[in-house]
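Okay, here's what each chain looks like letter by letter:
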Amino acid sequence: MAQSTKTSIKAVPLRHPLRWAAALYLVLVAAAFVVDASHRSAYDWKSFNKYVFDARVFKAAGVTLSLTVVSMLIAIILGITLAVMRRSPNPVFRTVAWIFIWVFRGTPVYVQLVFWGLLSTIYHSFFIGIPDIHFGHIYLGVHFPISQTASLYWLAIIGLSLNEAAYMAEIVRAGLLSVDNGQEEAAKSLGMSWWTTMRFIVIPQAMRIIIPPTGNEIVSMLKTTSLVTAVPLVTDLYARTRNISDEIYNPIPLLMVASAWYLFFSTILMFVQYFVEKRFAKGHSPLIGVQA
Amino acid sequence: MSNELMVQATEIHKSYGSNEVLKGITLEVKRGEVMCLIGPSGSGKSTFLRCINHLEKIDSGRLSVDGVIIGYREQHGKLYELKPSEAAKQRSGIGMVFQKFNLFPHMTALDNVISGMVRVQKIDKDVAVAEGKALLERVGLADKADHYPAHLSGGQQQRVAIARSLAMKPKLMLFDEPTSALDPELVGEVLDVMKGLAQSGMTMVVVTHEMGFAREVADSLVFMDNGVVVEAGVPAEVLGKPQHERTKSFLSKVI
């Protein structure tokens, strides 16, 4: 064996003058834009400052956030259910899931929201039980009236979450497909039931694949909530800021207010996603391949 | 019903579409016996193994483990398909070790081993952990309990997989080419564990290409080709004095 002598290489690193030039140019352009914008009267920064923490805006931001969170929670649970149903050995489950996804992914969310807003016009009540069979006035089931004043907030939630569930189902399905078939076989050979296998073996592994696009969907949902005006729900961030801009005859500062809030929430969501991704990377640390 | 027989297979047929993979397999494995199945790839040996714990459904024939028909219930001379929960219960008594280990990558070695005890047998976690550690020790991996599969070598992973199967206290262990995916220098450690298992009296059916293991450990050796059993007998005889042309040509290529 030859004695190895270790001398680190000393060399002049490659220079990148064009990168520096491009960066400098872009910084100058950005600075010019900012300086110009800070003086431009159309932006009306005074109004921006006045309304960005206005109590009405603050409350509307809360509505937007709760629409996002509640809709996504329902959509994720329903999406997982639909994706698992599509893989079920039961053909009834498979068909129901397929039809749900077909309808809710195949029509625009805006149209769906208008439909939900018209729910009480289309149906006056809804009934669980066996219809058309009754003994005098005793029906085999329960009637739920849909009042004219059905909460617009909840109609918006239903509209947003059912539409999103169809997309989540596809994301979850991709995640489930990414789990090697051998995992299911190993679980089966241990005597695990189909559901136990899904719950403890397949779904936890699929999460790693599911989370990044789900983070994307949450950010997307945050912005889609601005469509609830179709229901029509007008307490969310976008509708409320439009409303205020009608009072001051200038839409621009309030668009900026709304954008600032949307950007603030989506930034937080990005951080949350980072930590959740780390949490589900168990067993997949960069140490892969290192043999202990 | 002879209590002597662990596996009893009669005229097993199995097709995928028009491709008949098993063309009437008749085999018996006695309690405590170690049987090795050898043969070229595509001969149906893995498929047959997978039929034994009902990972594959057979088309015709009769297959029973420990006197109980696999996948069906017999009542008044009629067969009824088992409910998934009943089929799962049957499987839990039959251990299976796969070529690609199929450890659960999101669980540590110990969690892999106790997964069946906790999720299927609903054994108390503390009891399961104690038992799981003992099993890891038995396969020589006591110090790797907290390692994830990705941080274990192939041989170590396969030994964890064996411990995971043993945790269910199976009456029969099936091995589907357990060393085929391993680097050559890691084969020995897995075979050693299997040898120990055989000596402890476990009934084992092993699909393998390890002729040395078959000769040394197996009580019987079955050569399959093209969906049929070509030759079966005591390993030393089948390997030493093969009777059939097909067996001879196969053995000349692998030994």
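The structure this text deals with has already been given above.
Residues numbered from 1 in each chain as written. Chains lettered and ligands numbered in written order. Predicted model: local features only at pLDDT ≥ 70, side-chain atom pairs only at ≥ 80, totals over all residues. Heavy atoms only, no water.

1. Side note on the overall build of chain A
Each helix and strand counted, chain A has eleven helices and two strands in total. Against the globule reference of 19 Å for 292 residues, chain A gives a C-alpha radius of gyration of 27 Å, more extended than a compact globule. Each principal axis of the C-alpha atoms in chain A carries an extent, and together these give about 100 × 70 × 30 Å. Per-residue burial over chain A gives 35% buried out of 292 residues. Restricting the contact set of chain A to residue pairs at least 6 apart, pairs at least 24 apart contribute 74%. About 18,400 Å² of surface is accessible on chain A, with carbon and sulfur atoms providing 69% of the total. Mean positive and mean negative side-chain charge positions of chain A (23 and 14 charges, respectively) differ by 11 Å. (Helix = DSSP H or I, 4+ residues; strand = E, 2+ residues; numbered from the N terminus. Rg over C-alpha atoms; globule rule 2.2 N^0.38 Å. Buried < 20%, exposed > 50% of the residue type's maximum accessible area, 1.4 Å probe, protein only. Contact = heavy atoms within 4.5 Å. Areas by Shrake-Rupley, 256 points an atom, 1.4 Å probe, with all protein chains shown as cover. Lys, Arg positive; Asp, Glu negative; His and termini not counted. Charge placed at Lys NZ, Arg CZ, Asp CG, Glu CD.)

2. Brief notes about a positive patch on the surface
The grouping of R199 of chain A together with R119, K122 and K125 of chain B at the surface amounts to a positive patch. Inspection of the secondary structure puts K125 of chain B in helix 4 (residues 125-138). (Patch = residues over 30% accessible without salt bridge, like charges linked within 9 Å, V, L, I, M, F, W, Y side chains within 5 Å. Salt bridge = Lys/Arg side-chain N within 4 Å of Asp/Glu carboxyl O.)

3. Regarding the packing of helix 2 (residues 45-52) of chain A against helix 11 (residues 251-279) of chain A
All names here are of chain A. Two elements in contact, helix 2 and helix 11, have axes separated by 8 Å at closest approach and are oriented at 45°. As the angle between them shows, helix 2 and helix 11 are arranged oblique. As helix 2 packs across helix 11, the resulting crossing turns out to be right-handed. Within the contact between the two elements, helix 2 uses W45, S47, F48, Y51 and V52 and helix 11 uses P253, L254, M256, V257, A260 and W261. Among the residues making up the contact of helix 2 with helix 11, the classes are represented as ten nonpolar, one polar and no charged. (Axes fitted to C-alpha atoms, helices over the stretch in contact; angles between N-to-C directions. Parallel < 35°, antiparallel > 145°, perpendicular 65-115°, else oblique. Left-handed = near helix turned anticlockwise from the far one by under 90°. Nonpolar A, V, L, I, M, F, W, Y, C, P; charged D, E, K, R; others polar.)

4. Details of the interface of chain A and chain B
Interface extent is often summarised as the accessible area lost during association of the parts. Contacts between chain A and chain B engage 26 residues on the former and 29 residues on the latter. Counting the surface lost from both chain A and chain B, the interface buries some 2,400 Å², and carbon and sulfur atoms represent 60% of this. At the boundary of chain A with chain B, the tally comes to one salt bridge. At the surface where chain A touches chain B, the tally comes to four residue pairs in polar contact (both at pLDDT 80 or more). Put simply, the parts of the chain that give the side of chain A that touches chain B at least two residues each are helix 8 (181-189) and helix 9 (194-224) of chain A. Ranked by the residues each element gives to the side of chain A that touches chain B, the list is headed by helix 8 of chain A, at seven residues. (Buried area = accessible area lost by both parts, 1.4 Å probe. Polar contact = N/O pair within 3.5 Å; in protein donor to acceptor, adjacent residues only side chain to side chain.)

5. Some details on the pairing of strand 9 (residues 172-176) of chain B
Residue and element names in this part refer to chain B. With five of five residues buried, strand 9 lies mostly within the body of the structure. In strand 9, alternate side chains face the same way, and those of L172, L174 and D176 on one face and M173 and F175 on the other are all buried. The sheet contact formed by strand 8 (residues 94-97) and strand 9 spans four bridges and is parallel. Pairing of G95 across the sheet is with M173, part of strand 9. Pairing geometry for strand 9 and strand 10 (residues 203-207), over five bridges, is parallel. Following the sheet pairing, D176 is matched in strand 10 by V207. Regarding topology, helix 6 (residues 184-199) serves as the crossover connection from strand 9 to the parallel strand 10, and that connection is right-handed. (Pairing = 2+ DSSP bridges. Right-handed = clockwise from strand over helix to strand, strands pointing away.)

6. What about a nonpolar patch on the surface?
Residues and elements named next belong to chain A. Taken together, the side chains of Y110, V111, V114, F115, L118, I122 and Y123 define a hydrophobic patch exposed on the protein surface, amounting to about 650 Å² of accessible area. At four residues, helix 5 (residues 109-117) tops the list of elements feeding residues into the nonpolar patch. Mapping L118 onto the fold places it in the loop between helix 5 and helix 6 (119-122). Overall, L118 belongs to the partly exposed group, its relative accessible area being 42%.

7. Remarks on the nonpolar core
I162, M173, F175, M194 and M204 of chain B are the most contacted members of the largest nonpolar core, which totals 50 residues. It is helix 6 of chain B that provides the largest number of residues to this core, a total of eight residues. Not counting residues up to four positions away in its chain, the partners in contact with I162 of chain B are V97, M173, F175, V190, V193, M194 and L197 of chain B. Counting residues in hydrophobic clusters, the runner-up holds 42 residues, among them L82, L155, L162 and I211 of chain A. (Core = buried A, V, L, I, M, F, W, Y, C linked by side-chain atoms within 4.5 Å.)

8. Re the sheet that holds strand 9 of chain B
Residue and element names in this part refer to chain B. Across the sheet, six strands lie side by side as 8-9-10-3-11-12; this open sheet has mixed pairing. Both outer strands of the open sheet, strand 8 and strand 12 (228-233), are each paired with one neighbouring strand and no more. Mean inter-strand twist for the sheet, computed between neighbouring axes without regard to direction, equals 15°. In this fold helix 1 (residues 45-52) packs onto strand 3 (34-38), strand 8, strand 9, strand 10 and strand 11 (220-225), with an angle of close to 150° to the strand it touches most, strand 9.

9. What about helix 4 of chain B?
Between its terminal C-alpha atoms helix 4 of chain B stretches 20 Å, which fits the 20 Å expected from 14 residues at 1.5 Å a residue. Those residues of helix 4 of chain B that are buried are in contact with helix 3 (109-119) and helix 5 (154-166) of chain B. (Expected span 1.5 Å × (residues − 1).)

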